[in-house]
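If you want the building blocks of each chain, they are given just below.
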Amino acid sequence: MGTNEDFLNQWSSVKSNENHFKRWWWEIDPYLFWSTILLLCIGLIMVFSASMTTSIMSYSDPYYFFKKQMVGVALSSFFFFVATFIRLDFVRKMSSKLLLLSVVMLALVFFPYIGRMVGGSYRWIDFGIMRFQPSELAKLSLIIYMADTLATHRHRAQDFWYGVVPFLLVVGVMGVLVIMEPDLGTTLFLAGITFIMLFLGGRKIIHLLYPIFAGIPILLFLIFASGNQYWKARLEAFVDPWKEPLGKGFQIIQSLIAIGSGGLFGRGLGESRQKFFYLPDQHTDFIFAIIGEELGFVGTVGVVILFCLLFWRGWQIAIRSGDDFQALLAMGITLSIMMQVIFNMSAVLKILPVSGVPLPLVSYGNSSMLITMIEIGLLFNIARQSRVNHFE
Amino acid sequence: MSSRKFVHRANFLAMVIFLILGYIVFRMFVLQVVEGNEYRERANMVRFRMEDLLPSRGQILDRNGEILARDTEAISVYCIPRMIENPESAAQKIAPLLGLSLEETQEKLESRKSFVWLKRQVPLHLKEDLEKDKITGIEWNKEYKRYYPHAPHLSHILGFVGIDHQGLEGLEFSLNEELTGKMGYMTFERDGIGKEIPGSLVYFNPQSGYNITLTIDRTIQFYVEKALDQAMERTKAKAGVVVVNDPRTGDILAMASRPSYDNNHFNEYSPEAWRNLSVSMLFEPGSTLKPLIMASALQENKVYLGESFYCGGSIMVYNHRVRDIKSHGQETLEDILINSCNVGTIQIAQRLGNETLYRYLKNFGIGESCETGLNGEEIGLLRKPRSWSALSIGAIPIVQEMLVTPIQLLRSVSTIANRGILMKPRLVKKVIDENGKVVREVLPSPVRRVIDEENADLVLNMMKKVVDQGTGKKAAIPGYSIAGKTGTGQKIGEDGRYAINRFYSSFIGFFPVPEPRFGILVVLDEAQGEYYGGDIAAPVFREIVQSLNHYAGIMSENAEVTVY
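Criteria and thresholds
Residues numbered from 1 in each chain as written. Chains lettered and ligands numbered in written order. Predicted model: local features only at pLDDT ≥ 70, side-chain atom pairs only at ≥ 80, totals over all residues. Heavy atoms only, no water. Helix = DSSP H or I, 4+ residues; strand = E, 2+ residues; numbered from the N terminus. Buried < 20%, exposed > 50% of the residue type's maximum accessible area, 1.4 Å probe, protein only. Contact = heavy atoms within 4.5 Å. Areas by Shrake-Rupley, 256 points an atom, 1.4 Å probe, with all protein chains shown as cover. Buried area = accessible area lost by both parts, 1.4 Å probe. Salt bridge = Lys/Arg side-chain N within 4 Å of Asp/Glu carboxyl O. Polar contact = N/O pair within 3.5 Å; in protein donor to acceptor, adjacent residues only side chain to side chain. Nonpolar A, V, L, I, M, F, W, Y, C, P; charged D, E, K, R; others polar. Phe/Tyr/Trp six-rings, centres within 6.5 Å; stacked < 30°, edge-to-face > 60°. Lys NZ or Arg CZ within 6 Å of the ring centre and 35° of its normal. Axes fitted to C-alpha atoms, helices over the stretch in contact; angles between N-to-C directions. Parallel < 35°, antiparallel > 145°, perpendicular 65-115°, else oblique. pLDDT = per-residue confidence, 0-100. Core = buried A, V, L, I, M, F, W, Y, C linked by side-chain atoms within 4.5 Å. Pairing = 2+ DSSP bridges. 1 Å grid on protein atoms, 1.4 Å probe; cavity = no way out; pocket = protein on both sides within 12 Å on 5 of 7 lines; lining within 4 Å. Points joined across faces, edges and corners; volume = space filled by probe spheres on them. Expected span 1.5 Å × (residues − 1). Patch = residues over 30% accessible without salt bridge, like charges linked within 9 Å, V, L, I, M, F, W, Y side chains within 5 Å.

Draft legend 1. Highlighting the overall build of chain B. Helix and strand content of chain B: 19 helices and 21 strands. Looking at the 564 residues of chain B, the share that counts as buried comes to 54%. A sequence separation of at least 24 residues applies to 71% of the contacts in chain B between residues at least 6 apart. Only carbon and sulfur atoms are counted for the fraction: they give 50% of the accessible area of chain B, which is about 25,100 Å².

Written as structure tokens, this is what we have:
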């Protein structure tokens with residue numbers, strides 16, 4: 001694949017030249033590809049199954065959410081292809097502009113007519129046919145920006161003030177915006193990504209511990225003293241959901257009932273009972289519980305295995321990459337996806353408090369789908385660049 | 001190539017991720033495989049709402065097909081508190097409709113439970129009122145309420161059912177399985193807002209319970225209840241029992257006892273009143289059992305007709321003096337029965353001896369269960385000869401020191417009227433399913449022959465003379481052949497000794513002789529004033545016979561020969 005050509009030309013050449021497409025196919029990492037495809041399929045089927053109840057109830061159309069998800073997947077697939085072909089140099093060059101864009105978009109959610117309030121929080125920008133969640137873009141742009149900067153300024157690795165603090169400032173600005181939405185889960189996630197990138201970027205462990213210890217009181221303040229009852233309630237629900245089984249603890253209890261009642265083989269596809277207005281957010285953040293209920297332990301382990309496969313490939317792509325930027329980007333992307341997987345599953349299984357993180361590729365939600373697909377597209381791109389193809 | 005440091009750190013993070021994923025899989029295993037059933041049960045508990053489709057309970061009919069017990073439709077009202085928006089206003093609407101107190105209703109509507117009964121089995125017409133002013137969260141389902149058209153008559157026989165339509169007393173209890181039918185059900189699962197989950201509806205038609213035809217005759221029962229009520233009024237007795245049977249088949253035609261209750265409103269009475277004394281009252285039968293001793297002696301050829309006995313008013317048994325009412329002087333064999341002579345009976349019993357007497361009484365069914373299936377049935381008491389006291393040979397013939405139930409006594413003595421064959425009492429005649437198919441039929445069942453036909457006829461004739469000229473005169477109706485025997489048994493007081501002035505007064509009779517179609521036992525417990533069975537129990541018998549004669553069309557056999 002010619003790296004000198006403009007990516008748009010490449011894209012058009014795929015459509016016009018079958019030969020290119022064949023090459024693309026043979027160069028693709030098959031484990032990564034099939035695990036992605038399978039997760040997408042499971043996601044679509046489960047979104048349909050889980051959202052049916054709410055679709056009928058609110059829109060009198062059982063396919064309402066399914067259709068929207070299909071559109072999202074189609075759109076995401078387009079950007080996925082773009083991401084597999086796009087020149088990584090170009091991506092790197094655009095990193096700070098992309099970061100700026102996402103910060104601006106994070107700010108835009110608060111503006112009337114542009115931002116859209118849903119459920120008491122400003123997380124969305126309305127594009128008419130589709131809503132977009134800028135915090136999803138923020139995750140990706142932060143990874144790209146940090147991969148670029150860390151790769152460029154390797155000599156600053158041992159310096160706390162020049163090697164660590166600037167990134168903290170960047171994520172601090174983003175974090176403040178996100179926390180105002182208010183979205184504590186994503187804020188913590190962004191912080192987490194930052195530390196992981198700094199860690200991968202060779203920073204001293206001690207330098208990373210300072211801000212972590214400094215951050216703990218801030219976190220405690222936010223949860224207990226900021227006046228936001230919601231965060232506190234989530235923590236209380238996590239500690240003892242049975243204290244208020246119909247109140248704060250309701251969602252987590254219903255989640256446990258859903259996943260637990262699936263047993264070994266599940267109730268069968270489409271047979272979930274908890275989706276009938278027992279488990280809130282059953283097709284978004286809690287879709288894993290419905291998978292557990294309908295497909296059982298076999299189903300949940302299957303999903304975990306697919307994510308393991310995805311992770312394994314991403315990790316291998318990263319460590320075999322010959323380029324610092326690409327390695328950091330690949331590992332950052334892979335870990336970002338896996339962190340979401342872990343946060344999401346942990347919330348469903350009551351290992352961690354509910355953080356509002358979706359299950360990548362599976363949960364209903366176009367923004368997350370789009371960004372995740374672009375990220376996986378970039379992984380393919382990096383894989384091809386460093387020729388760590390499986391068939392090589 | 002990327003730096004070694006990067007690879008090390010990436011590998012380290014990869015290990016961490018895999019470890020966490022391993023822990024997640026472990027948690028899933030615990031939740032889904034180890035504790036899976038628990039969660040599934042918990043899920044079902046909240047979600048499954050099955051409407052139990054109660055089958056209509058089988059009807060109970062009398063021998064002529066008249067309905068004694070049936071189901072009527074009713075509704076039971078419940079609420080799903082979570083769905084009620086304004087408990088206060090809802091309570092104000094619903095409480096007067098159901099006749100509940102306002103506070104109680106509101107408390108129920110505000111309950112934390114997912115399902116609360118407001119009131120069960122309210123009349124069907126309330127449904128319209130509830131529908132007219134429908135409150136979300138207040139629902140009802142159809143149920144059946146048991147209704148007894150002839151209550152309070154037959155209460156003891158039929159018993160009653162509880163709120164869940166399960167038989168608790170009487171035949172409702174003992175025949176519960178056949179009456180209940182198969183529970184149908186409609187399970188549907190409810191979603192989190194209380195609606196039916198589509199496609200989850202499963203409907204099984206209930207299968208109605210079997211209809212049961214009894215041997216009871218509603219009309220005879222009516223006469224019996226009426227006569228017994230009057231007798232209770234007259235004698236101020238503490239308790240009273242009347243049982244009517246057909247000696248030839250063992251069919252129980254009527255059975256009533258006092259104190260009684262109304263089974264349509266059973267919970268307004270004390271459980272003591274639910275006791276069916278006809279099968280549960282234990283008493284000393286007194287002289288009503290003498291015909292059996294007479295029959296046994298005849299069967300064993302220990303006595304013969306025309307033999308004469310002497311009664312000097314008392315007899316010595318093992319140095320104890322057993323007294324009679326008076327000295328009957330020289331008397332024939334039948335005079336012993338006619339006069340209800342204790343001295344004569346003891347002499348006959350002594351000729352039989354302990355073992356033989358015991359064997360016969362046992363064969364006559366004393367101390368043996370009647371298996372009527374009515375709950376609370378006692379089996380009576382007949383001690384083995386070796387535990388008889390020295391006095392027993394004297395005591396048994398005048399028939400103290402043994403305990404029988406009314407139904408048992410009637411069955412035993414009916415052997416005489418049934419030409420020597422002991423029958424099993426029959427209360428249930430037929431069990432029929434919805435479509436009229438006979439599921440179970442109970443035929444008259446002879447238990448054993450106890451005495452020969454001619455001996456039975458001899459004793460029955462003696463009993464006829466008891467009514468014609470002896471202690472049972474007050475049972476006589478001119479123109480009708482009636483056989484009977486009086487009985488007056490002393491009660492045992494709390495101290496275990498015979499109490500003065502506390503008696504069981506009884507009369508047992510059969511008619512028309514020589515082929516009796518009816519056997520009637522009347523027992524009055526602790527009648528005030530007069531207490532001789534011949535004086536107070538016989539007239540009750542007579543009243544019932546008079547009504548029966550009209551009902552059964554038994555004609556006066558000989559208008560000319562009415563005076564004795």
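Next comes the rest of the description.
Draft legend 2. The arrangement of the overall build of chain A in detail. A count of helices and strands for chain A gives 16 helices and three strands. Within the span of chain A, comprising 392 residues, buried residues form 59% of the whole. Across chain A, the fraction of contacts at a sequence separation of at least 24, relative to all contacts at a separation of at least 6, is 72%. Per element, the accessible surface of chain A, about 16,100 Å² overall, is 68% carbon and sulfur.

Draft legend 3. Region of interest: the interface of chain A and chain B. With 54 residues of chain A in contact, the opposing surface of chain B contributes 44 residues. Taken as a group, A:Phe199, A:Tyr278 and A:Phe297 account for 14% of the area that chain A buries against chain B, more than any other trio of residues on that side. Our enumeration of links across chain A and chain B arrives at zero salt bridges. Where chain A touches chain B, the interface holds seven residue pairs in polar contact (both at pLDDT 80 or more). At 14 residues, helix H14 (residues 287–320) of chain A tops the list of elements feeding residues into the side of chain A that touches chain B. Class assignment of the residues belonging to the side of chain A that touches chain B gives a composition of 34 nonpolar, 14 polar and six charged.

Draft legend 4. A look at the packing of aromatic side chains. For the coordinates displayed, the defined rule picks out 33 aromatic pairs over all chains. For the pair A:Phe78 and A:Phe79, a centre-to-centre distance of 5.3 Å together with 80 degrees between the ring planes defines the contact as edge-to-face. Residue classification places A:Phe79 among the partly exposed positions, given a relative accessible area of 33%. Put simply, the rings of A:Phe33, A:Trp34, A:Phe80, A:Phe81 and A:Phe380 pair up and form one aromatic cluster. Across the ring face of A:Trp124, the terminal group of A:Arg131 is positioned such that the distance to the ring centre comes to 4.6 Å. When the ring centre of B:Trp117 is taken as reference, the NZ or CZ atom of B:Arg120 above it lies at 4.3 Å.

Draft legend 5. Representation of the packing of helix H10 (residues 184–200) of chain A against helix H11 (residues 205–224) of chain A. Residues and elements named next belong to chain A. Running from amino to carboxyl end, H10 crosses H11 at an angle of 175 degrees, the nearest separation of the two axes being 11 Å. Here H10 lies roughly antiparallel to H11, going by the angle between them. Facing Leu-184, Leu-188, Phe-195, Leu-198 and Phe-199 of H10, the residues of H11 in contact are Ile-205, Leu-208, Pro-211, Ile-212, Leu-219, Leu-222 and Ile-223. Taken together, the residues that form the contact of H10 with H11 break down as twelve nonpolar, no polar and no charged.

Draft legend 6. Representation of the confidence of the model for chain A in the model. Considering every residue of chain A, the mean pLDDT works out to 85; 93% of them sit at 70 or more. Here residues 388–392 of chain A is modelled with pLDDT under 50, and outside its nearest four sequence neighbours on either side it reaches 13 contacts, counting other chains as well.

Draft legend 7. Geometry of the side chain of B:His165. Residue and element names in this part refer to chain B. With respect to the helices and strands, His-165 occurs in the loop between helix H6 (155–158) and helix H7 (170–174). On the accessibility criterion, His-165 (4% relative accessible area) is buried. At 3.1 Å, the side chain of His-165 forms a polar contact with the side chain of Asp-71. Filtering out sequence-adjacent residues up to four positions away, His-165 remains in contact with Arg-57, Asp-71, Gln-121, Tyr-144, Lys-145, Arg-146 and Asn-176.

Draft legend 8. Local environment of the nonpolar core. Core analysis: the biggest nonpolar cluster contains 124 residues, and A:Leu142, A:Leu200, A:Phe288, A:Phe307, A:Met345, A:Leu378 and B:Phe6 have the highest contact counts within it. Top contributing element to this core by residue count: H14(A), with 18 residues. In this structure, A:Phe307 is in contact with A:Leu39, A:Met338, A:Val341, A:Met345, A:Leu359, A:Pro360 and A:Val362, ignoring residues within four places of it in sequence. By size, the runner-up hydrophobic cluster in this structure holds 87 residues, among which are B:Phe160, B:Leu171, B:Ile348 and B:Ala456.

Draft legend 9. Structural detail: the pairing of strand E10 (residues 251–258) of chain B. Residues and elements named next belong to chain B. Within E10, eight of the eight residues are buried, leaving the element largely enclosed by the surrounding structure. In this sheet, E10 lies alongside strand E9 (residues 239–246) in antiparallel orientation, the contact comprising seven bridges. In the strand pairing of E10, Val-242 is matched with Ala-256. Turn length for the E9-E10 hairpin, with the two strands adjacent in sequence and antiparallel, is four residues, and the turn residue Gly-250 shows positive phi of about 80 degrees.

Draft legend 10. Highlighting empty space enclosed by the protein. Residue and element names in this part refer to chain B. Enumeration according to the criterion identifies six cavities of 30 Å³ or more in this entry. The computed volume of the largest cavity comes to approximately 80 Å³. Of all the elements in the fold, those that place two or more residues in the lining of the largest cavity are helix H17 (406–417) and strand E15 (421–424). Broken down by element, the lining of the largest cavity gets its largest block of residues, five residues, from H17. By residue class, the composition of the lining of the largest cavity is eight nonpolar, five polar and two charged.

Draft legend 11. Local environment of the pattern of salt bridges. Residue and element names in this part refer to chain B. According to the stated counting rule, one finds 33 salt bridges over all chains in the structure shown. Among the salt bridges present, the one from Arg-258 reaches Asp-229, with a minimum N-O distance of 2.7 Å. Taken as a pair, Arg-258 in strand E10 and Asp-229 in helix H9 (residues 218–235) lie far apart in primary sequence, 29 residues in all. The partner of Arg-359 in a salt bridge is Glu-300, and the shortest N-O contact between them spans 3.6 Å. Separated by 59 residues along the polypeptide, Arg-359 in helix H15 (residues 354–363) and Glu-300 in the loop between helix H12 (290–299) and strand E11 (308–311) bring together distant segments of the chain. Here Arg-359 falls in the partly exposed class, since its relative accessible area comes to 42%. One connected set of salt bridges, linked through shared partners, spans Arg-57, Asp-71, Arg-146 and Glu-172.

Draft legend 12. Seen up close, the side chain of B:Asn549. Residues and elements named next belong to chain B. If you trace the backbone, Asn-549 turns up in helix H19 (residues 533–552). Residue class for Asn-549 comes out buried when judged on its relative accessible area of 5%. Apart from residues lying up to four places away in sequence, Asn-549 is in contact with Ile-477, Tyr-480, Phe-511 and Ile-554.

Draft legend 13. Up close: H9(B). Residue and element names in this part refer to chain B. Compared with the 26 Å implied by 1.5 Å per residue over 18 residues, the 25 Å span of H9 between its first and last C-alpha is a close match. Buried-residue contacts for H9 involve H6, E9, E10, strand E21 (518–525) and H19. The residue sitting at the N-terminus of H9 and contributing the capping side-chain oxygen is Asp-217; that oxygen lies 2.9 Å from the backbone nitrogen of Thr-219. In the segment just after H9, Lys-236 is the residue with positive phi, at about 55 degrees.

Draft legend 14. Quick look at the sheet that holds strand E3 (residues 131–132) of chain A. Residue and element names in this part refer to chain A. Read across the open sheet, the three strands follow the order E1-E2-E3; overall the sheet is antiparallel. Each having just a single partner strand, strand E1 (115–118) and E3 make up the two edges of the open sheet. Pairing analysis gives four bridges linking E1 to strand E2 (residues 121–126), with the strands arranged antiparallel. From the neighbouring strand, Met-117 faces E2, where its bridge partner is Tyr-122.

Draft legend 15. Main features of a nonpolar patch on the surface. All names here are of chain A. Among the surface-exposed residues, Ile-205, Ile-206, Leu-209, Tyr-210, Ile-212, Phe-213, Ile-216, Leu-220 and Phe-224 lie close enough to one another that they form a single nonpolar patch of about 840 Å² accessible area. Assignment of secondary structure puts Leu-209 in helix H11. According to the relative accessible area criterion, Leu-209 is partly exposed, its value standing at 34%.

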